[in-house]
Amino acid sequence: MFGHKVLLGGMTAVALVVAGAALAIDPPKLGTPAPEMLIRLFDISIPPDGTGLPAGQATAKQGEAVFMARCAACHGERGEGATNDRIASGIGTLQDEVQTFKTVGSYWPYATTLFDYVRRAMPYNAPLSLTDEEVYAAIAYVLFLSRIVGETDVIDAKSLPAVKMPNRDAFINAYTPG
Amino acid sequence: MAKTPNEVTPFADAEPVAANGLLHRRMFLSGGAFFAGAASLSGLLSAQPASAQMATVPDWRKEPGKSFTPYGVPSKFEEPVQRLVTVRANSYPSPGAGSSRTPLHLLEGIITPSGLHFERSHSGVPDIDPDRHRLLIHGLVRQPLVFDLESLMRYPRVSAIHFIECAGNSGGGWAVQPPVGFVGTMHGLLSCSEWTGVPLHYLLEEAGIDPKAKWILAEGIDASGMSRSVPIEKALGDAMVALFQNGERIRPEQGYPMRLLLPGWEGNMNVKWLHRIKLTEGPTYTKDETSKYTELMPDGKSMQFTFPMEVKSVITRPSEGVNMQGPGFYEISGFAWSGNGKIKRVDISADGGASWAEAALQEPIASRALTRFRLPWQWDGKEVILQSRATDETGAVQPTRAELIGTKGVKNAYHYNGITTWEIRQSGLVKNVWA
């Protein structure tokens with residue numbers, strides 16, 4: 001569909017053929033086939049349908065310890081924010097006259113984003129240091145702090161995409177192709 | 001009142017076109033700019049008595065200067081021209097999550113020196129060994145591919161001048177009280193470079209695009225693994241894998257050894273330290289396209305995927321901190337830009353928007369690039385409300401702050417493109433105000 005050719009004008013082609021004649025030459029093809037291992041290592045993005053979520057599971061109850069040890073120092077023990085972002089509660093404040101809190105609980109449309117983000121970037125001082133099990137545990141606790149899941153709800157590859165975030169339907173796609 | 005030398009208008013064709021001394025831009029279009037420079041210089045000189053120092057031959061005239069250096073740096077006297085770095089952005093416990101800003105008020109022309117390009121990172125600047133860096137393209141493709149730098153260097157390249165503006169730039173505009181600071185402090189998440197790189201479509205086509213692929217996910221290999229979803233139309237359009245910035249390899253702060261360049265679109269999407277592109281059916285809904293970089297509207301809804309940075313301008317001379325030095329002739333100058341194309345015109349008002357004078361646009365006027373504007377001005381020393389208003393080639397006009405807030409509310413946090421208003425006091429002091 002998008003078969004771009006590199007057109008070399010007569011100047012370059014003169015030694016090869018006749019001056020002024022244009023040649024159609026394919027652009028270089030210098031990529032090498034990506035090894036499956038490499039893709040598995042780096043393909044860590046998780047869309048809303050949960051494709052790519054790893055095995056493992058945890059409840060908020062199990063997550064409390066992980067959260068206190070690895071997250072609370074920067075985000076507060078109840079996710080209320082400390083040196084860094086508030087990440088819990090604030091539900092219903094998006095139109096508040098006085099103060100709005102955009103948090104995972106009040107604002108984020110998809111719970112899958114939380115797994116994706118915490119696994120790739122948190123804890124800030126040691127990204128990629130949590131096991132998948134610990135990521136499930138930490139995010140179960142973050143969701144529990146906003147009362148989006150219960151304390152003993154099992155969070156895993158199947159249940160996470162099904163978590164209905166309070167603000168899910170409030171996003172309007174402004175992009176139109178063309 | 002006695003006339004000072006500055007009040008003598010040295011131009012035969014100086015024609016007032018709007019209130020409070022705004023003159024016709026023709027003066028700067030007809031080669032008059034040279035004389036304009038000379039005139040303001042003579043004004044300055046006449047204001048200062050010739051000192052004894054000026055009457056001696058300076059030391060540097062009397063002995064050979066420093067010998068040749070492999071990589072030049074600015075004069076030590078230019079030390080104040082630096083990026084504006086906030087303490088918080090570099091502080092414990094999350095150094096590197098934040099930004100530094102371009103001192104736009106101290107710069108001329110349209111190109112930002114590479115070392116002054118603004119920085120925005122989510123987990124610091126990685127120190128990437130280019131020999132070990134790979135770009136992976138996978139997902140909805142016929143054949144997933146990896147590219148090393150050496151092979152990327154063999155593809156045809158394109159060069160283009162484009163601005164990059166953080167979607168959160170000028171965010172202080174949403175605040176109740178007008179922010180205090182320089183243009184760089186308020187609007188300095190904006191820079192403009194000549195970028196050179198490989199058109200992304202070559203690489204995507206080489207991998208073989210599955211017709212189901214409507215988006216790509218672009219990811220950096222910094223410690224935050226910053227990632228954004230980009231529509232396939234843009235990826236196959238003017239998107240490039242940029243390798244060079246202003247003629248030399250991209251600076252580490254701008255994504256060395258490679259970054260995605262999406263001309264005119266939110267800075268955050270121009271993913272730095274680019275190492276992975278995944279072709280997908282839909283957006284991935286990453287943190288930086290849900291929690292951040294979405295626009296919360298007054299009705300509680302949020303606009304998502306508002307990609308192009310809208311038409312905008314700001315006067316840098318005069319501006320807060322770049323104050324007036326007495327009545328007389330001045331050149332009003334600043335930047336205009338639009339993520340939707342070229343700048344078509346910039347108008348200047350010196351009476352709070354009641355009357356407008358069209359500014360001269362300095363070549364080159366490139367699409368999705370900063371455009372420099374200039375207008376001659378004879379200031380009579382009275383209080384003035386100075387504004388600039390840009391129009392782009394799509395006909396979009398920069399809104400007033402009131403218009404912007406009228407539609408978007410005050411909780412938006414992103415894409416602020418309202419008109420900047422400078423209040424110029426009789427003392428010559430310039431303050432940022434809400435009009």
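Conventions adopted
Residues numbered from 1 in each chain as written. Chains lettered and ligands numbered in written order. Predicted model: local features only at pLDDT ≥ 70, side-chain atom pairs only at ≥ 80, totals over all residues. Heavy atoms only, no water. Helix = DSSP H or I, 4+ residues; strand = E, 2+ residues; numbered from the N terminus. Buried < 20%, exposed > 50% of the residue type's maximum accessible area, 1.4 Å probe, protein only. Areas by Shrake-Rupley, 256 points an atom, 1.4 Å probe, with all protein chains shown as cover. Phe/Tyr/Trp six-rings, centres within 6.5 Å; stacked < 30°, edge-to-face > 60°. Lys NZ or Arg CZ within 6 Å of the ring centre and 35° of its normal. Contact = heavy atoms within 4.5 Å. Buried area = accessible area lost by both parts, 1.4 Å probe. Salt bridge = Lys/Arg side-chain N within 4 Å of Asp/Glu carboxyl O. Polar contact = N/O pair within 3.5 Å; in protein donor to acceptor, adjacent residues only side chain to side chain. Nonpolar A, V, L, I, M, F, W, Y, C, P; charged D, E, K, R; others polar. Pairing = 2+ DSSP bridges. Domains from an automatic or database assignment. Arc of directions from axis to C-beta.

As a further point, take the overall build of chain A. Regarding its fold elements, chain A presents six helices and six strands. When the helices and strands of chain A are read in sequence order from the N terminus, they spell out β-α-β-β-α-β-α-α-α-α-β-β. The 178 residues of chain A split such that 42% are buried. Total accessible area on chain A is roughly 9500 Å²; 58% of this is exposed by carbon and sulfur atoms.

The final tally for this structure, using the stated rule, is 19 aromatic pairs over all chains. On the numbers, 5.2 Å between centres and 45° between planes, the contact of F67 of chain A with Y141 of chain A is tilted. Here F67 of chain A is found in helix α3 (residues 60-70), whereas its partner Y141 of chain A is found in helix α6 (residues 132-145), with 74 residues between them in sequence. Y141 of chain A gets classed as buried once you look at its relative accessible area, which sits at 7%. Here the aromatic rings of W377 of chain B and W379 of chain B are separated by 6.2 Å at their centres, their planes lie at 45°, and the arrangement is tilted. Of the two residues, W377 of chain B and W379 of chain B, neither departs from the other in class, the shared state being buried. Lying across the ring of Y107 of chain A, K102 of chain A places its NZ or CZ 4.7 Å from the centre. Just above the ring of F335 of chain B sits the side chain of R372 of chain B; from NZ or CZ to the centre is 4.3 Å.

Turning to the interface of chain B and chain A, a few remarks are in order. Taken residue by residue, the interface counts 62 residues in chain B and 48 residues in chain A. Across the chain B to chain A interface the summed buried area is about 4600 Å²; carbon plus sulfur atoms make up 60%. On the chain B side of the contact with chain A, V146, K287 and K411 of chain B bury the most area, a combined 11% of that side's loss. The tally of links between chain B and chain A comes to four salt bridges. One salt bridge connects E219 of chain B with R120 of chain A, and the closest N-O pair in it is separated by 2.7 Å. Between the two partners, chain B and chain A, sit 28 residue pairs in polar contact (both at pLDDT 80 or more). Mapped by element, the contributors of at least two residues to the side of chain B that touches chain A are β6 (134-139), β7 (145-148), α5 (200-207), β10 (215-220), β11 (227-231), α6 (232-236), β15 (274-280) and β17 (302-304) of chain B. Partitioning the side of chain B that touches chain A into residue classes produces 26 nonpolar, 23 polar and 13 charged. For strand β3 (residues 32-33) of chain A and β7 of chain B, the ladder comprises two bridges, and the chain directions are antiparallel. The residue of β7 of chain B that forms the bridge with T32 of chain A is V146 of chain B.

What follows concerns the domain arrangement of chain B. Residues and elements named next belong to chain B. Entries for chain B in the domain assignment read domain 1 (135-158 + 195-303) and domain 2 (312-433). Computed over C-alpha atoms, the centres of domain 1 and domain 2 are 32 Å apart. Taken together, the contact between domain 1 and domain 2 spans eleven residues of the former and nine residues of the latter. A breakdown of the residues in the side of domain 1 that touches domain 2 according to their chemical character gives five nonpolar, two polar and four charged.

Residue and element names in this part refer to chain A. Residues of α3 that are buried: A60, G63, V66 and F67. The arc that holds the buried residues of α3, viewed along the axis, is 105°, so those residues lie on one side. Summarising the geometry of α3, the exposed residues directed more than 90 degrees from the buried face are K61, A65 and A69. Against β4 (57-58), α4 (72-75) and α6 lie the buried residues of α3.

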